[in-house]
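Examining the three-dimensional arrangement
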Amino acid sequence: MSLLVDSLKDRMLFAIPKKGRLFEKCIELLAGADVKFNRQHRLDVALVQNLPIALVFLPAADIPRFVALGNVSLGITGQDMIAESGHEPAIEQILPLGFGKCALQVQVPVSGHIQSVEALAGSRVATSFEVLGGRYFKEIDEKVQASAEGKGRPSTTIEYVGGSVEAACALGMADGIVDLVESGDTMRAAGLHAIATLMTSEAVLITPSQAHPSLTPELAHIIPLLKARFAGVLAAKRYVLVNYNVHEDNLHEATVITPGRRAATVSKLESGEGWLAVSAMVERKKMAETMDRLSETGAEDILILALDNCRV
Ligand SMILES: Nc1ncnc2c1ncn2[C@@H]1O[C@H](COP(=O)(O)OP(=O)(O)OP(=O)(O)O)[C@@H](O)[C@H]1O
Ligand SMILES: O=P(O)(O)OC[C@H]1O[C@H](OP(=O)(O)OP(=O)(O)O)[C@H](O)[C@@H]1O
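Residues numbered from 1 in each chain as written. Chains lettered and ligands numbered in written order. Predicted model: local features only at pLDDT ≥ 70, side-chain atom pairs only at ≥ 80, totals over all residues.

1. Describing the sheet that holds strand β1 (residues 12–17)
Stated precisely, the cut-off is as follows: One requirement defines pairing of two strands: DSSP has to find at least two bridges between them. Here a helix means four or more residues in a row that DSSP labels H or I, a strand means two or more in a row labelled E, and each is numbered from the N terminus. Only the stretch in contact is used when fitting a helix axis, every axis being a line fitted to C-alpha atoms; angles between N-to-C directions are given from 0 to 180 degrees.
Ordered by their spatial adjacency, 6 strands build an open sheet running β2-β3-β1-β4-β11-β5, and the pairing between neighbours is mixed. The open sheet has two free edges, formed respectively by β2 (45–47) and β5 (91–96), since each of these has just one partner strand. Sheet twist, expressed as the mean angle between neighbouring strand axes with direction ignored, is 30°. Here β1 pairs with strand β3 (residues 53–58) via 6 bridges, running parallel.

See below:
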């Protein structure tokens, strides 16, 4: 073990969720950014081979705390975990990563008599988000207790559960829950529906708001380097490259459809006769519509090329 501690000395520590919803996506992102490592079985630390970084695999819920205290200089976790940790002011969110998108919602049984957060106030609410759930219902309780019909109503009881929160109502331990929703499948399967949203969330790259004194300038420069690499990987997924030929008379109309990120690249075709070759990045989700519209302007030989990687 002492050997491992020694090898961490001159490396920047980067915390990655060790399992769960964010794990696979983080591994894909690291591969896209050419961060190479070998993780030994059951070891939660992996040395990166081609950069002075050590990856530490931690529970997503613990990562905000390690980053806020400066024990690790970079981390990936959900915005929900950051808010729940109470360490928000000590954390800087430097890049939203576009995955792990979900919403933290209040849910109640579809067929029950409680159908609003005001009606739920004073009852039992099960959640893994004690801090956010507690803060939310404290405000609702105050509002309800200040009203004529809510006078004397007890405060809401927040019941902590570590997982499978959606089972709490059916098991009779709660009247409502606060839990994450993405597709809504889990919620519907449990006979629940959402009546309020506390926050939306996605995975983010985070650093301490104030750099730890032990972080040398040589290691500190890895933060913007990795941020740029990750942003490139995300952009390569989001955009495709469109190439087409168009007559100069139709160039303006065509480049309105494909303005590119900064501008489209336009070059003359060898054959002359006023034909030009145009190349531009377009959003992947708009690719079919872009091709339709380009065809209508008289563009020809329209090619869509996937991007392996890019720097934006
Ligand atoms: N259904 C979902 N869709 C998208 N993102 C989600 C979903 N559920 C959770 N997340 C995001 O992933 C983070 C980690 O959630 P996850 O449930 O995987 O936690 P875990 O406790 O680390 O893993 P496990 O549930 O396996 O114990 C959440 O904080 C949230 O940001
Ligand atoms: O809206 P959906 O797409 O169905 O996703 C929502 C579910 O995903 C999360 O749990 P997860 O499956 O990660 O397991 P957990 O309950 O053990 O945390 C969350 O707590 C919900 O239960």
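Next, the rest of the story.
2. Here's the deal with the UniProt feature "domain: ATP phosphoribosyltransferase catalytic" (unreviewed entry) in the chain
Applied cut-off: UniProt positions are given in the numbering used here, feature names are shortened, and annotations may be inferred rather than shown by experiment.
Under the UniProt annotation, the feature "domain: ATP phosphoribosyltransferase catalytic" (unreviewed entry) is placed at residues 60–213. Secondary structure across residues 60–213 comprises 25% helix and 32% strand; the distance between its end C-alpha atoms is 25 Å.

3. Digging into the site of ligand 2
Put simply, the test is: The rule is simple: place the C-beta atom from the backbone, and if it lies within 6 Å of a molecule or strand, the residue is near it. Note that Gly is not counted as nonpolar here; it falls among the polar residues with everything else outside the nonpolar set of Ala, Val, Leu, Ile, Met, Phe, Trp, Tyr, Cys and Pro and the charged set of Asp, Glu, Lys and Arg.
Close to ligand 2 lie 14 residues; Gly163, Glu182, Ser183, Asp185 and Thr186 are nearest. Taken together, the elements giving at least two residues each to the shell around ligand 2 come down to β9 (176–181) and α7 (185–189). Looking at the shell around ligand 2 residue by residue, the classes come out as 3 nonpolar, 6 polar and 5 charged.

4. Describing helix α2 (residues 23–32)
Where we set the bar: Around each residue's C-beta, the other C-beta atoms within 10 Å are counted; 20 or more make the residue buried, 12 or fewer make it exposed, and counts in between make it partly exposed. All C-beta atoms are placed from the backbone. The arc refers to the directions leading from the helix axis to the C-beta atoms. Any residue pair is listed as a contact if its two C-beta atoms, each placed from the backbone, are within 7 Å.
Those residues of α2 that sit buried are Cys26, Leu29 and Leu30. On an axial view of α2, the arc spanned by its buried residues comes to 100°, and they lie on one face. Turned more than 90 degrees away from the buried face of α2 sit Glu24 and Ala31, all of them exposed. Structurally, α2 contributes buried residues whose contacts are with β1, β4 (74–78) and α9 (222–238).

5. Observations concerning unusual backbone geometry
Within the chain, Asp34 stands out as a residue other than glycine whose phi angle is a positive 60°. With respect to the element layout, Asp34 can be found in the loop between α2 and β2. Looking at Asp34, the number of C-beta atoms within 10 Å reads 12, which means it is exposed. Within the chain, Ser164 stands out as a residue other than glycine whose phi angle is a positive 45°. Of note, Ser164 is situated in the loop between β8 (157–160) and β9. You can call Ser164 partly exposed: it has 13 C-beta atoms within 10 Å.

6. Some words on the pairing of β1
With 6 of 6 residues buried, β1 lies mostly within the body of the structure. A two-sided burial pattern is seen for β1, the buried positions comprising Met12, Phe14 and Ile16 on one face and Leu13, Ala15 and Pro17 on the other. Pairing between β1 and β4: 2 bridges, direction parallel. Bridge assignment links Phe14 to a residue of β4, and that residue is Leu74.

7. Some words on the UniProt feature "domain: Histidine biosynthesis HisG C-terminal" (unreviewed entry) in the chain
UniProt's entry tags residues 236–309 with the feature "domain: Histidine biosynthesis HisG C-terminal" (unreviewed entry), counted in the numbering of this structure. End-to-end, the C-alpha atoms of residues 236–309 are 5 Å apart, and along that stretch the chain is 27% helix and 39% strand.

8. Notes on the site of ligand 1
Convention followed: Domain start and stop positions are those given by an automatic or database domain assignment.
Close contacts around ligand 1 come from 17 residues, with Gly20, Arg21, Gly78, Cys102 and Glu182 the closest. Split by residue class, the shell around ligand 1 holds 7 nonpolar, 5 polar and 5 charged. Taken together, domain 1 (2–99 + 203–220) and domain 2 (102–201) each give at least three residues to the shell around ligand 1, which thus spans both.

9. Notes on the sheet that holds β8
Taken together, 5 strands build an open sheet; the order of strands is β8-β7-β9-β6-β10 and the sheet is mixed. Across the chains shown, the open sheet's two edge strands, defined by having one partner strand only, are β8 and β10 (192–201). Here the strands of the sheet are splayed against their neighbours by 30° on average, with no regard to which way each runs. Pairing between strand β7 (residues 124–127) and β8: 4 bridges, direction parallel. Across the sheet, Thr127 pairs through a bridge with Tyr160, a residue of β8.

10. Things to note about the environment of Glu84
Structurally, Glu84 is set in helix α4 (residues 79–85). As for Glu84 and Glu130, which are separated by 46 residues in sequence, their C-alpha atoms are 7.7 Å apart.

11. Observations concerning the nonpolar core
To be explicit about the condition: When buried Ala, Val, Leu, Ile, Met, Phe, Trp, Tyr and Cys residues are joined through C-beta atoms within 7 Å, the set is termed a nonpolar core.
Grouped together as the largest cluster of nonpolar side chains are 50 residues, with contacts concentrated most on Phe14, Ala15 and Val67. When residues are assigned to domains, this core turns out to be shared by domain 1 (2–99 + 203–220) and domain 3 (239–306), each giving three or more. Not counting residues up to four positions away in its chain, the partners in contact with Ala15 are Val56, Leu58, Ile63, Phe66, Val67, Val72 and Gly75. Residues Leu104, Ala168, Met187 and Leu192 belong to the second largest nonpolar core, which totals 24 residues.

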